[in-house]
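Listed below are the residues making up each chain.
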Amino acid sequence: MFYYDGRHYDSREMHPENDIAFWERQVRRHGDPVLELACGTGRITIPLARAGHSVTGLDISASMMNQGRRKAAAQGVDIGWVEADFRDFDLGGAYSFIFIPDNSVNHIETLEDLEACLRCVRRHMREDSRFALDVFNPRLDILLRDPSKRYPHSSYDDPDGGGRIEITESNVYDPATQINTVRLYYRLPDGRTERSDLICRMWFPQELDAVVKYNGFEIESKYGDYDESPFRGDSPKQIVICKAAGGQGP
Ligand SMILES: C[S@@+](CC[C@H](N)C(=O)[O-])C[C@H]1O[C@@H](n2cnc3c(N)ncnc32)[C@H](O)[C@@H]1O
């Protein structure tokens, strides 16, 4: 699948530009050691480690992490890479700052799975640890678009050097499950088209706050973007920073 092919992922030109500076500020504020869940190819993990932080990156995809390992080795930075599912992990220690950036929580499809992930996170926190997650603020105008239409998405240079890859997308949203199935059509330089489907479970603002709260966290801040502006209805993001409620996790 193209979406989670580490080399293609890094070649794509649509990553947020200002999230790395945001996460660096958070890590400076909350301290080491740091655990990034769904670290992918180390887009954020590697700059944090380069800045001198002690960082562990966990991801389920070997392709994404192998790309991360190659880049970290080339830059001479030391990162603890863990191949695991963020819904079921035990690293046997506590971290000062744990975060799930860049909409990765949108890949969690059910409430039970998000709760399993939050249980694992809480087990790796101390009283003074902080946990942060960063998801879309759902936009009904995008979710409810005509599923038969294709929209421009992005384009990037084929990492195998063949030319430009153009991506268009369509989406089908099911309001009952809150799952948005995004169909990405990769038009390859040789004229073929490959389709990658991506499941994006929407977490609505009050729902997200309630899930976090009723799973043992206390929200300290909720930002609407990487500039740390307060969350509002029209914010592009929901970035929630929390601590474990009532001290140490279970
Ligand atoms: C949007 S990418 C984000 C990667 C990286 N954090 C970044 O900002 O570039 C989403 C990542 O979530 C990972 N992922 C999806 N489901 C996962 C799971 N259940 N456990 C761990 N990682 C998962 C994917 O393998 C992928 O690397």
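Residues numbered from 1 in each chain as written. Predicted model: local features only at pLDDT ≥ 70, side-chain atom pairs only at ≥ 80, totals over all residues. Heavy atoms only, no water.

Caption draft 1: Summary view of the packing of aromatic side chains. If you walk through the whole model with that rule in mind, you get seven aromatic pairs. Aromatic side chains Phe131 and Phe217 sit 5.3 Å apart centroid to centroid with 40 degrees between the ring planes, which places their arrangement in the tilted category. Of this pair, Phe131 sits in strand β5 (residues 125–136) while Phe217 sits in strand β10 (residues 217–223); the two residues are 86 residues apart in sequence, bridging distant segments of the chain. Residue class for Phe131 comes out buried when judged on its relative accessible area of 0%. Classification of Phe217 as buried rests on a relative accessible area of 2%. Members of the aromatic cluster, connected to one another through ring pairs, are Phe22, Trp23, Phe97, Phe99, Tyr223 and Tyr226. Sitting over the ring of Tyr151, Arg145 keeps its end group 3.9 Å from the ring centre. (Phe/Tyr/Trp six-rings, centres within 6.5 Å; stacked < 30°, edge-to-face > 60°. Helix = DSSP H or I, 4+ residues; strand = E, 2+ residues; numbered from the N terminus. Buried < 20%, exposed > 50% of the residue type's maximum accessible area, 1.4 Å probe, protein only. Lys NZ or Arg CZ within 6 Å of the ring centre and 35° of its normal.)

Caption draft 2: Spotlight on the nonpolar core. Counting 29 residues, the largest nonpolar core has Leu37, Phe86, Ile100 and Phe131 as the members making the most contacts within it. Among the elements of the structure, β1 (34–37), β4 (95–100), α5 (111–123), β5, α7 (205–213) and β11 (237–244) are those that each provide at least two residues to this core. For this core, the element with the most residues is α5, which contributes five residues. Once residues within four sequence positions are removed from consideration, Leu37 is found in contact with Leu58, Phe86, Phe89, Ile98, Phe99, Ile100, Pro101 and Val121. Core analysis: the second largest hydrophobic core is formed by 22 residues, Leu48, Ala72, Trp81 and Tyr223 among them. (Core = buried A, V, L, I, M, F, W, Y, C linked by side-chain atoms within 4.5 Å. Contact = heavy atoms within 4.5 Å.)

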